[in-house]
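A look at the structure
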Amino acid sequence: MAVNAVEHVTEQVPADDFQALEEKIYRTIELYKAARQGQAVAERDAQRLREQLEEREEQLAALRREAVQLKKEREEIRGRVEKMLEQIESIAQERAS
């Protein structure tokens with residue numbers, strides 16, 4: 001039955017038209033394959049970028065925690081230095097008196 005249908009179509013369509021149609025179909029198939037490959041590459045790239053983004057976000061969070069800790073340490077050291085300076089100033093004033 002399918003052979004009869006092909007023979008029937010071939011009888012109705014001139015050989016040049018059929019060949020042109022066949023070429024168009026093959027080009028369409030190749031375009032479809034290329035598009036699928038492009039989509040696969042894009043999906044892999046997107047996944048890689050998502051993973052990189054996640055890593056960067058983790059690094060950023062770690063750096064923020066470190067910055068907060070360093071600020072706390074700086075304030076603690078500043079307070080200790082101010083306390084020492086006050087003691088030095090007090091000793092200097094006692095000697096001056």
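Report on the accompanying structure. Here the structure is a predicted model, which means the values were calculated and not measured. (Residues numbered from 1 in each chain as written. Predicted model: local features only at pLDDT ≥ 70, side-chain atom pairs only at ≥ 80, totals over all residues. Heavy atoms only, no water.)

Counting its regular elements, the protein chain contains two helices and zero strands. Out of the 97 residues belonging to the protein chain, those deemed buried represent 0%. As displayed, the protein chain has an accessible area near 9400 Å², and 56% of this comes from carbon and sulfur atoms. (Helix = DSSP H or I, 4+ residues; strand = E, 2+ residues; numbered from the N terminus. Buried < 20%, exposed > 50% of the residue type's maximum accessible area, 1.4 Å probe, protein only. Areas by Shrake-Rupley, 256 points an atom, 1.4 Å probe, with all protein chains shown as cover.)

What follows concerns a nonpolar patch on the surface. A surface patch of nonpolar side chains, about 470 Å² in accessible area, is lined by Ile-77, Val-81, Met-84, Leu-85 and Ile-88. Note that Ile-77 resides in helix 2 (residues 15-96). (Patch = residues over 30% accessible without salt bridge, like charges linked within 9 Å, V, L, I, M, F, W, Y side chains within 5 Å. Salt bridge = Lys/Arg side-chain N within 4 Å of Asp/Glu carboxyl O.)

A few words now on a negative patch on the surface. Together, Glu-51, Glu-54, Glu-57 and Glu-58 give the surface a local cluster of negative charge. Its location among the elements puts Glu-57 in helix 2. (Lys, Arg positive; Asp, Glu negative; His and termini not counted. Charge placed at Lys NZ, Arg CZ, Asp CG, Glu CD.)

Going through the model one piece at a time under the given rule, you end up with six salt bridges. With its nearest N and O atoms 3.7 Å apart, the salt bridge here joins Arg-48 to Asp-45. You can see Arg-48 and its partner Asp-45 sitting in helix 2, three residues apart, about one turn around the helix. By relative accessible area, Asp-45 is classed as partly exposed at 33%.

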